[in-house]
Amino acid sequence: MNHMTKDIEQYLQTKFGNSLEDSNERQLYQALMAETRNRLSKKRYDYTKKLKESGQKQAYYMSMEFLVGRTLRNNLFNLGIEDEVRSFLAEKNFDLDRIYDMEPDPGLGNGGLGRLASCYLDALTSNDYPVTGFSILYEFGIFKQVIANGWQQEYPDNWLGMGQYGLVHRSDEEIEIKFYGKTEEHWTNEGLKVNYEDYKSIIAEPYDLMISGYKSEAVNVLRLWKSKANAGFDMKLFERGEYARSSESEAIAESISKLLYPADDNNEGKALRIKQQYFFTSASLQQIVKNHYKTYGSLDNLADKAAIHINDTHPSMCIPEMMRILMDDYNYSWEKAWEITIKVFAYTNHTIMAEALEKWSVDLFAPILPRIYTIIREINNRFCQYCNEIGAASDLESMSIIHNNMIRMANLCIVGSYNVNGVSGLHTDILKADTFEAFNRIYPGKFNNVTNGIAHRRWLGQANPELTNYLNGLLGGDFIKDLSNIEELLKYADDKTVLADLEKIKYTKKEQLAKYIKDANGINVDINSIFDVQVKRLHEYKRQLLNALHIVYLYRQIKFNGLRPRPRTFIFAAKASSGYVMAKNIIKFICTLSDMIEADPLVRNYIKVVFLEDYRVTLAEIIIPGANVSEQISQAGKEASGTGNMKLMLNGALTIGTLDGANVEIHDAVGDDNMFLFGLKTPEVNDLYAKGYRPRDYYERVPEIKETLDFMRTINVDGTRFDNLVDYLINQDPYMCLADFESYVNKQKEVEEAYGDKDRWNRMSLVNIAKSGIFSADRATQEYTDGIWHIARAGR
Ligand code: 4GP
């Protein structure tokens, strides 16, 4: 530790010519970021040495998205030096929390899939597993959301300005990537040769983010590729007088790592997205293969040393790219190359929403990646041939990779991987029985489940130090190292003192959240009210609108029917994809409810609505520990897993939810008594669709629905009306908000009653905390390391 303080002082001296006393917070921030990074780099040196000696198999996690969250606190916490650095700085009158707040939250992802990738890297590193993450160094991550008059506006988030200090630029490991041009195949004495000409050359520059582990030897890296023009290449064109073409590749290069696609759960068919996907998968694979070849002088044993994970379909071009490298760069035959390829890749599916299953039109794809396209076509030809041979030709309608001139990337992933997993029990069942039913028949055993998990060190250890310290004192044992120990807490389920202590901690976290709400939205909220939280991407299937309908229902009851409910604060935070009009309307509606209630001297005594802008990891860390109620109300069968549900449970919130995604497993863990389940189940949803769902029938049959929707038409705070939402619900309602309305409203009454019984509520909350052990990312990643990748801990 002495060492660390000395390093910080030295950095300030050499970089700024300042002593610590004379430094400002900005300089200190830079010193802390850089010295933490250096410390991790040094630690990594020993670790990689050990890995080289053992020659063991490693995993590579390919993901277009990693929502890493802020790194400084995480790293100091993991290195076990947070308290010491804090008190050292306090002596010099610096507040570490203010320094933390200077770090941008790198928004290199949209939502659950991206956050999951980061939770997994953290957990794997804490458990000493050798894993490297690969992604893109987006100059602009997800947009910064500003709510202006209730409408979402998107602003660019230039995170690299202050975020760069955590990165290590590895200019020694640049890689060339080729786009466009023409390929020609011809036979030579050494076999088939491929000529690739007139292509555009781009350079991928690596930047490494050190990933620290808690009490571990491992320091892994997340390698982020940045695109730049290939100066040497362009120069040749330039000399030949082809100015226009030389700047073309510059333009392509500049655009590739410019920004993250802000679409979540939907597929924007843009050429740029194809380029981004190929850019980072090609760079990553070229690097993996090159290193392997350098060590072993052969790629025959690649699958013994490398498991490469495809996180959703975005990195699916890994499969044809591996074939290209093996055949074109290392002279493997198709058969041999395929044998290696299908032993290397495993794929996770994260959604069954049809619009999110990526498809590319051949006309768009083939000119950008001519060689990759011919390889995909050949993979498909051989796959179709195989299906003919085994008598599965009639299933090619759903299984062929190229269909109606579209390339179906999920199908490519399934054909080219040795393992496919879903992210919760229910989700995997749906994949097997429905989405990929034919594949499951021809590839028995290829599909399996790994229920998601969360990095409890961040979501409890760092976000809720009050609860962590308390549990540490109470339970002994290091449950932060091993979350399964938290189940010990069950012993105290009837201990009044413990229950009261937990309630006090929750109160403290609610106070902190209330202060944030006051600062951000200017709304005073009652700490004693029920803090009811729905935080996640805004999507119709997640049904923020159902939550809003319940609020309208309560508003009417309070205002016109004398209802006097227990005070409740409804807290929302969510980003909507920038082109998703309905989602943006729903945000506007929620914000309008907030204004309408604030302006009503009667209703605001009972309910409040708060929409917090710019939902991101850092904000989640403030909201989640302060929640009493966790809203997980997606239409059954639509939410692949959910992970916010786990984070909220771990922090003692009680779930009101449908039997969907990992809610099913939460229910298995805590039982009916400790959770509020409502709504149609997946088979009932399917039946209702099959019969023909008519939301208007519910509107006409159920007076509460009619009253709520009719009243909704009258809501008007600033001239914006919501007839469009009402008409949409009555006529279409694709996610069946109206069918679940009564059941939801009734369950919310039970929530209110339960909250009124303090002892019961606190006990339920304790049981939820105690039962959250299985949702640790340690458990989930162990299922990947043991069951899918077959890798061991470093040095073992
Ligand atoms: C999300 C799913 O919607 C969510 O249920 C799941 O928990 C998460 O992946 C991690 O598996 N999907 C996405 C996406 O974020 O972009 O498809």
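Cut-offs used in this document
- Residues numbered from 1 in each chain as written.
- Predicted model: local features only at pLDDT ≥ 70, side-chain atom pairs only at ≥ 80, totals over all residues.
- Heavy atoms only, no water.
- Helix = DSSP H or I, 4+ residues; strand = E, 2+ residues; numbered from the N terminus.
- Rg over C-alpha atoms; globule rule 2.2 N^0.38 Å.
- Buried < 20%, exposed > 50% of the residue type's maximum accessible area, 1.4 Å probe, protein only.
- Contact = heavy atoms within 4.5 Å.
- Areas by Shrake-Rupley, 256 points an atom, 1.4 Å probe, with all protein chains shown as cover.
- Lys, Arg positive; Asp, Glu negative; His and termini not counted.
- Charge placed at Lys NZ, Arg CZ, Asp CG, Glu CD.
- Domains from an automatic or database assignment.
- Buried area = accessible area lost by both parts, 1.4 Å probe.
- Salt bridge = Lys/Arg side-chain N within 4 Å of Asp/Glu carboxyl O.
- Nonpolar A, V, L, I, M, F, W, Y, C, P; charged D, E, K, R; others polar.
- Pairing = 2+ DSSP bridges.
- Axes fitted to C-alpha atoms, helices over the stretch in contact; angles between N-to-C directions.
- Parallel < 35°, antiparallel > 145°, perpendicular 65-115°, else oblique.
- Left-handed = near helix turned anticlockwise from the far one by under 90°.

On to the overall build of the protein, then. Helices and strands together make up the secondary structure of the protein, namely 34 helices and 23 strands. In terms of overall dimensions, the protein is globule-like: its C-alpha atoms have a radius of gyration of 27 Å, near the 28 Å expected for 796 residues. Oriented by its inertia axes, the alpha-carbon framework of the protein measures out at about 90 × 70 × 55 Å. Scored against the burial criterion, the 796 residues of the protein give a buried share of 61%. For the protein, long-range pairs separated by at least 24 residues make up 77% of all intrachain contacts whose partners lie at least 6 apart in sequence. A total accessible area of about 29,800 Å² is found for the protein, and carbon and sulfur atoms account for 47% of it. Taken as two groups, the 94 positive and 110 negative side-chain charges of the protein have centres that lie 1 Å from each other.

Looking now at the domain arrangement of the protein. Under the domain assignment used here, the protein contains domain 1 (55–70 + 105–452 + 782–788) and domain 2 (486–775). On a C-alpha basis, the centroid separation for the pair domain 1 and domain 2 is 36 Å. Each side of the interface is counted separately: domain 1 has 39 residues, and domain 2 has 41 residues. Counting the surface lost from both domain 1 and domain 2, the interface buries some 2,900 Å², and carbon and sulfur atoms represent 54% of this. Counting the surface domain 1 buries against domain 2, the share from its top three residues, Gln145, Trp151 and Leu426, is 20%. For the pair domain 1 and domain 2, the number of links is two salt bridges. In this structure, Lys144 engages Asp614 in a salt bridge whose closest nitrogen and oxygen atoms are separated by 3.6 Å. Those elements that place two or more of their residues in the side of domain 1 that touches domain 2 are helix 6 (112–126), strand 3 (144–148), strand 4 (151–155) and helix 18 (425–435). Looking at the side of domain 1 that touches domain 2 residue by residue, the classes come out as 14 nonpolar, 16 polar and nine charged.

Unusually for a residue other than glycine, Arg543 sits at a positive phi of about 65 degrees. Considering the arrangement of structural elements, one finds Arg543 in the loop between strand 18 (530–535) and helix 23 (544–561). Arg543 sits in the buried class, given a relative accessible area of 0%.

Another point: the pairing of strand 6 (residues 175–179). In the case of a regular strand, side chains alternate between the two sheet surfaces. Residues Ile175, Ile177 and Phe179 point to one face of strand 6 and are all buried, whereas Glu176 and Lys178, pointing to the other face, are not buried. Relative to strand 9 (residues 200–212), strand 6 runs antiparallel, the two sharing five bridges. Counterpart to Ile177 in the pairing with strand 9 is Ile202.

Turning next to the pattern of salt bridges. When the charged atoms of two side chains with opposite charge come close together, those side chains can pair. Scanning all chains against the criterion turns up 53 salt bridges. A salt bridge links Lys182 to Asp198; its shortest N-O distance comes to 3.1 Å. Within this pair, whereas Lys182 is found in strand 7 (residues 182–188), its partner Asp198 is found in the loop between strand 8 (191–197) and strand 9, the two being separated by 16 residues in sequence. Taking relative accessible area as the criterion, Lys182 reaches 47% and is therefore assigned partly exposed.

Across the interface, helix 21 (residues 465–475) lies against helix 22 (residues 496–521) with an axial gap of 9 Å and an inter-helix angle of 160 degrees. As summarised for this structure, helix 21 and helix 22 are arranged roughly antiparallel, according to the angle between their axes. Pair helix 21 / helix 22 crosses with right-handed handedness. Of helix 22, the residues touching helix 21 (which contributes Pro465, Glu466, Leu467, Tyr470 and Leu474) are Val498, Asp501, Leu502, Ile505, Thr508, Lys509 and Gln512. In terms of residue class, the contact of helix 21 with helix 22 is made up of seven nonpolar, two polar and three charged.

What follows deals with the pairing of strand 2 (residues 131–136). Where burial is concerned, most of strand 2 is hidden: six out of the six residues are buried. Judged by which residues are buried, strand 2 turns out to be covered on both faces: Val131, Gly133 and Ser135 on one side and Thr132, Phe134 and Ile136 on the other are all buried. Where strand 1 (residues 58–62) lies against strand 2, four bridges are found, and the strand directions are parallel. What sits directly across from Tyr61, in strand 2, is Gly133. Where strand 2 meets strand 10 (residues 219–229), four bridges bridge the pair, whose relative direction is parallel. Within strand 10, the position partnered with Gly133 by the bridge is Leu222.

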